[in-house]
Amino acid sequence: MSDAIIEATKKHPAPEGLLYTYGTAGFRTKAEVLDSVLTRVGLIAALRSRALKGKWIGVMITASHNPPEDNGVKLVEPLGNMLKEEWEVLSTTMANKATPEEVAQYYNEIATKYKIDLKEPARVVVARDTRASGARLLGCLLDGLKGANAEHKDFGFLTTPQLHYVVRCLNTEGTSEAYGEPTEKGYYEKFGAAFKNALKGKKPQGSLTVDGANGVGGPKLKELIKYLPTKEEGGLDIHVVNDNVIKPESLNVDCGADYVKTNQRAPPSSKVGPLDRCCSLDGDADRVVYYFKDEGGVFRLLDGDRIATLVASFLGKLVEQSGLAAKIKIGVVQTAYANGAATKYVQENLKLRVDCTPTGVKYLHHAAETHDIGVYFEANGHGTVIFSRSTTDTIAEHEPRNPGQKEALDVLRSTIELINQAVGDALSDLLLVEVVLAHKSWGPQEWLSTYTDLPNKLSKVIVGDRRIFQTTDAERRLVKPEGVQKKIDQEVQKVHQGRSFARASGTEDAVRVYAEALTKAEADDLARKVSDIVK
Ligand code: 16G
Ligand code: ZN
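As a convention, each chain's residues are numbered from 1 in the sequence order in which they are written. Chains carry letters and ligands carry numbers; both start at the beginning, A for chains and 1 for ligands, and go up in the order they are written. Residues qualify for local features only when their pLDDT is at least 70, as the model is predicted, and side-chain atom pairs are given and counted only at 80 or more; totals for whole chains, interfaces and linings, by contrast, use all residues. Note that water and hydrogens are dropped before the side-chain values are worked out from all heavy atoms of the structure.

Here we take up the site of ligand 1. Whether a residue is near a molecule or strand depends on its heavy atoms: if one lies within 4 Å, it is near. Not every one of the 13 residues close to ligand 1 is listed here, only the nearest: Glu 378, Ser 505, Gly 506, Thr 507 and Arg 512. Counting of polar contacts relies on pairs of N or O atoms within 3.5 Å, with two restrictions inside protein: one atom must be capable of donating a hydrogen and the other of accepting it, and residues adjacent in sequence are counted only when both atoms are side-chain atoms. The separation between an oxygen atom of ligand 1 and a polar side-chain atom of Arg 503 is 2.7 Å. Between Arg 512 and ligand 1, the recorded distance is 2.6 Å, taken from a side-chain N or O atom to an oxygen atom. When residues are grouped by polarity, Ala, Val, Leu, Ile, Met, Phe, Trp, Tyr, Cys and Pro land in nonpolar, Asp, Glu, Lys and Arg in charged, and all others, Gly among them, in polar. Split into classes, the residues belonging to the shell around ligand 1 amount to three nonpolar, seven polar and three charged.

Shown next, in the form of structure tokens:
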């Protein structure tokens, strides 16, 4: 097999002098320097599958919300989770091997070290977003898979969460944990049916305008709509905008979840009226944020924190109304970017526990797994809800004592079906939000009025070497460079309800500074002061 690996690697030589890292979002950088990485990811995926005795491993080619000229790749574990951390390190080492011979040697070293039987089958399922570089990079990946003699299924264009879904389905097919049909159609059927059942006759008010970021999410949502009840059937009136995937250079440009969240404004192309619900997906449709114009025409954002609070309160009520409150506890997981007002609302109004973890889905997901029901969302709109095995069983086996309990239990069960538990999924999340709003008979204004966000500011600071910034306490405090945290603390104390932190980005060569305070002026000022300190 070594010869085949050497051949494959030779076709896509690694550029000199570049250092690749498998970070929080896999490998992600300019697409033009990713060929060698893709081939090697193919080899790693094959090894990972063989290590798991031929379980299906996913490979997604995407750079999410990054600009059109970027691309990236990440690996998906058999149940649809993020790649095991140990394997992130192996991937990084593999990507940085200089010669084809070293690559082949390292392949065998991994096999020896992890006692991987190279005669085991290797099965890999691949998909990509709509970036122009995707087809070329797919070719590089397939060369790697061929070199490792791996079997593969190519699903063409999918959203990242759809790929996670397919991977989970393939590995659970025919078991008691079967997740669904391992096809794109299976995805639409599952979530379409769950949406209808979870609505349980409640009709969504008004319409929803969805900005697809000119990425893969737009066409996939249009497909999903075919499986949803129509407006006439009591369903949702959805308008898809920014769904131009024919022009890949428009991906994430002046639209999409990241644009809306970072700039705290609607895409300039938005034409909706006051109180019309809108949401934006990111380039691979694993994030969603909501927003609307209030009656005074002012832009209002309903971000990941808002989705988390909305969903946690809804599930809390359903659990209680089903007669399960004594058996099932809900926990909410956030990162340091969660608005202080959101954290306070969950703790004081919803009376639920809040955990804070470092940025990155794997940390949040892991923390959410410690709860019966774990609701996790990043403020940027990435998140989902996960139910422990025993909680799922408890809900499935529970016998309602009266019609009220039965009603709540039915909705709870369909809501579980509607949630993509493998990973945060913009399409599933938006259907979930719509179900909650329909049940509560809420428009965006009612949703917004549950609490008032503290004004905040997020800044990006370019520094000489971001690796010197080391954090503790879920990234809320700096331990290095020495003395910097003390200076930040001094500035924070000067403003009302101030909070601020600085952390090295995991996806860009920069340090991010977050600040919040009682007034916008104070938040902006605090962000500026802290940026000056870390510069
Ligand atoms: C990655 C993470 C996302 C996080 C973002 C932060 C995953 C799948 N994605 O996109 O959760 O919010 O990085 O970026 O974990 P930053 O480190 O540049 O701030
Ligand atoms: Zn994304």
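Glancing now at the domain arrangement of the protein. Domain delimitation in this document rests on an assignment produced automatically or drawn from a domain database. Segmentation of the protein into domains returns domain 1 (2–157), domain 2 (186–302), domain 3 (304–430 + 441–448) and domain 4 (456–534). Placing the centre of domain 1 and that of domain 4 at their C-alpha centroids yields a distance of 35 Å.

Now for the coordination of the zinc ion (ligand 2). Every protein donor of the zinc ion (ligand 2) is accounted for by Ser 64 (OG), Asp 282 (OD), Asp 284 (OD) and Asp 286 (OD), and the metal-donor separations fall at 2.0 to 2.1 Å. The sequence pattern describing where the donors of the zinc ion (ligand 2) fall on their chain is S-x217-D-x1-D-x1-D. A donor here means any N, O or S atom no more than 2.8 Å from the metal (3.2 Å for Na, K and Ca); water is not included, so a site may seem to lack partners.

Here the focus is the side chain of Asn 380. A helix here means a DSSP run of H or I that spans at least four residues, while a strand means a run of E at least two residues long, and both kinds are numbered starting from the N terminus. Structurally, Asn 380 can be placed in the loop between strand E13 (373–377) and strand E14 (383–387). There is a polar contact of 3.1 Å between the side chain of Asn 380 and the backbone nitrogen of His 382. Excluding its chain neighbours within four sequence positions, the residues that come into contact with Asn 380 are Lys 261, Arg 287 and Val 289. The criterion used for residue contact is that any of the two residues' heavy atoms lie within 4.5 Å.

Now for the pairing of strand E7 (residues 237–241). Across five bridges, strand E6 (residues 207–211) lies against E7 in parallel orientation. Paired with Thr 209 across the two strands is His 239, which belongs to E7. Crossover handedness is defined here as right-handed if the route from the first strand over the helix to the second strand goes clockwise, with the strands pointing away from the viewer. A crossover links E6 with its parallel partner E7, the connecting element being helix H8 (residues 217–225), and its sense is right-handed. Strand pairing is assigned whenever DSSP identifies at least 2 bridges connecting the two strands.

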